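# Results of the structural survey
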Amino acid sequence: MATAIVSLICIGVILSGGMILAQSAIVSADHIFDNWKIMEKRITDNVNTIISATGVTDNGAAGLEVNVRNTGQRALGNFPDWDVIVQYYSAPGNVYIKKLTYTTGTSPGNDEWAVNTIQWNGAAEVYQINILDPLEDMKLQVKPNPGVVSGETIIIRISTNNGVTTSIQYTK
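Residues numbered from 1 in each chain as written. Predicted model: local features only at pLDDT ≥ 70, side-chain atom pairs only at ≥ 80, totals over all residues. Heavy atoms only, no water.

## Looking at the overall build of the chain
What the chain contains, in helices and strands, is one helix and nine strands. Overall, the chain shows an N-to-C arrangement of helices and strands of α-β-β-β-β-β-β-β-β-β. Taking 16 Å as the expected radius of gyration for a compact globule of 172 residues, we find that the chain reaches 27 Å, considerably beyond that expectation. In terms of overall dimensions, the chain has C-alpha extents of about 100 × 45 × 25 Å along its principal axes. The proportion of buried residues among the 172 residues of the chain is 30%. Residue pairs in contact within the chain that sit at least 24 positions apart in sequence constitute 57% of those at least 6 positions apart. Element-wise, carbon and sulfur atoms account for 59% of the exposed surface of the chain, whose accessible area totals about 10400 Å². (Helix = DSSP H or I, 4+ residues; strand = E, 2+ residues; numbered from the N terminus. Rg over C-alpha atoms; globule rule 2.2 N^0.38 Å. Buried < 20%, exposed > 50% of the residue type's maximum accessible area, 1.4 Å probe, protein only. Contact = heavy atoms within 4.5 Å. Areas by Shrake-Rupley, 256 points an atom, 1.4 Å probe, with all protein chains shown as cover.)

## Some words on the nonpolar core
Soluble globular proteins tend to bury their nonpolar side chains together. Ranked by internal contacts, the top residues of the largest apolar core, which has 26 residues, are V66, W113, M138, L140, I156 and I158. Sorting the residues of this core by element identifies strand 1 (51-58), strand 2 (64-70), strand 3 (83-91), strand 5 (112-120), strand 7 (137-143), strand 8 (153-159) and strand 9 (165-171) as the ones contributing at least two each. With residues up to four places along the chain from it excluded, the contact list for I158 reads I51, V66, V68, W82, D83, V84, L140, V164, T165 and T166. (Core = buried A, V, L, I, M, F, W, Y, C linked by side-chain atoms within 4.5 Å.)

Printed below as a string of structure tokens:
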């Protein structure tokens, strides 16, 4: 009789352990599935995000105006989370690599960048103001300090908040 009680207790402990192990496996699988969905959304966002720097205009003391086109399928915003990095020579032997700071308005200060305009087919946007929708063009005003000297090349790299990048070179 004593062995029967001990056997029942052992079977109960084994069953409880098996149930706890099964529950832990189910919870772990649920966490993996949730994280998989998050990763899949992030990858889909990146695949649907395509930007292209299409040109640079020298605006003198105001800095450089960079044209960026959204050729992807995703509307883009959150401009303060974007990165604009410039690499250039200001004078012989002085190389600069800087991450410019985002500012609101259309006239950035030294080592700042701002969204100047967003347009669709050359006209001001009317749908989702301050969002770069697919096939819209955005003009960024960048102002590195010190400025780029004549005859030197600047590389401007632009990265969206989800890590998709474009770059353009401009020789002043």
